[in-house]
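Descriptive structure summary
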Amino acid sequence: MNMPIFRIVVMISALSLLSACSVLPEKAPSTLYRLPAMATQATPDATRLPGRLGIATPEAGHLLSSNRIVVFPEGNVVNVYEGARWHEDAPQLLQAKLIAGLQQHALFADVSSDRLPYDLLLLSELRHFQSEYDVSPPSVNLQLDVQLVGADQQPTASTSFAIRERAKSAEIPDVVNAFGSATDRLTEQLARWLAANASR
């Protein structure tokens, strides 16, 4: 094969590849969601503790350690919502929500992540953070096991919070709002628990 013919064959092959690529369906980008902010400003608790509270990123299993929005559609089936994701991984998402909510409560002199100095540390494990089609519309199932650790790294108290919140509809924005309401309730319950246990 001489050079001109070889070049023509190469050009035809390249054009064929380009045309083939252009007809392949493009994957639609996922819509990113954040947890809604608390609907109302929380009333600061009467007792203000002088210490600084650090909140560590919750531990979580493989399924929940991502930005996928997990759903249990039926029975023992586990799935994720197509075309929808959290804007960051679920443990970091929840950590940021808890920090913001507890800062509103003004229970401590300061509330931040565990990357800054702290007097008390809140460790946790995210056991459930998914929507479930027990009936329709689905409900959000949230379970967080927590442990409060003192400056000496010794546990001072521990408990578990389990919350369910029904979505207004099966539409993803309504499910996301249900996640927001569930985390708001978690923050309220956690604040009351900390007020009772952080001063021990």
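Not measured: the values here are computed from a predicted model.

Thresholds applied
Residues numbered from 1 in each chain as written. Predicted model: local features only at pLDDT ≥ 70, side-chain atom pairs only at ≥ 80, totals over all residues. Heavy atoms only, no water. Phe/Tyr/Trp six-rings, centres within 6.5 Å; stacked < 30°, edge-to-face > 60°. Helix = DSSP H or I, 4+ residues; strand = E, 2+ residues; numbered from the N terminus. Buried < 20%, exposed > 50% of the residue type's maximum accessible area, 1.4 Å probe, protein only. Salt bridge = Lys/Arg side-chain N within 4 Å of Asp/Glu carboxyl O.

**Topic: the packing of aromatic side chains**
Going through the model one piece at a time under the given rule, you end up with 4 aromatic pairs. When the centroid spacing of 5.9 Å and the interplanar angle of 40° are considered together, the rings of tryptophan 86 and phenylalanine 129 count as tilted. Of the two residues, tryptophan 86 sits in strand β5 (residues 79-86) while phenylalanine 129 sits in strand β7 (residues 120-132), which places them 43 residues apart along the sequence. Residue tryptophan 86 shares its accessibility class with phenylalanine 129, and that shared class is buried. Look at phenylalanine 161 and tryptophan 193: their rings are 6.4 Å apart centre to centre, the planes differ by 90°, and that puts the pair in the edge-to-face class. Here the residue phenylalanine 161 occupies a position in strand β9 (residues 155-166), and tryptophan 193 occupies one in helix α3 (residues 172-197), the gap between them amounting to 32 residues. The two residues phenylalanine 161 and tryptophan 193 agree in class, both being buried.

**A closer look at the pattern of salt bridges**
Counting across every chain of the model gives 6 salt bridges. Between arginine 52 and aspartate 119 there is a salt bridge whose closest N-O contact spans 3.4 Å. Placement of the pair is arginine 52 in strand β2 (residues 49-55) and aspartate 119 in the loop between β6 (108-113) and β7, with a sequence separation of 67 residues. Look at arginine 52 and you get partly exposed, because its relative accessible area is 34%. On the basis of relative accessibility, which here comes to 31%, the residue aspartate 119 falls in the partly exposed class. Between aspartate 145 and arginine 127 there is a salt bridge, with the nearest N and O atoms lying 2.8 Å from each other. With aspartate 145 in strand β8 (residues 139-149) and arginine 127 in strand β7, the pair connects residues that are 18 residues apart, well separated along the chain. Since its relative accessible area comes to 43%, arginine 127 is described here as partly exposed.

**Some remarks on unusual backbone geometry**
Of note, the amide linkage connecting serine 136 to proline 137 takes the cis form, showing an omega dihedral of 5°. Within the element layout of this structure, proline 137 appears in the loop between β7 and β8. Not every positive phi belongs to a glycine, and alanine 106 is a case in point at roughly 55°. Take alanine 106: it is sitting in the loop between α2 (90-105) and β6. The backbone of glutamine 153 sits at a positive phi, close to 70°, despite the residue not being glycine. The partly exposed category is assigned to glutamine 153, whose relative accessible area is 47%.

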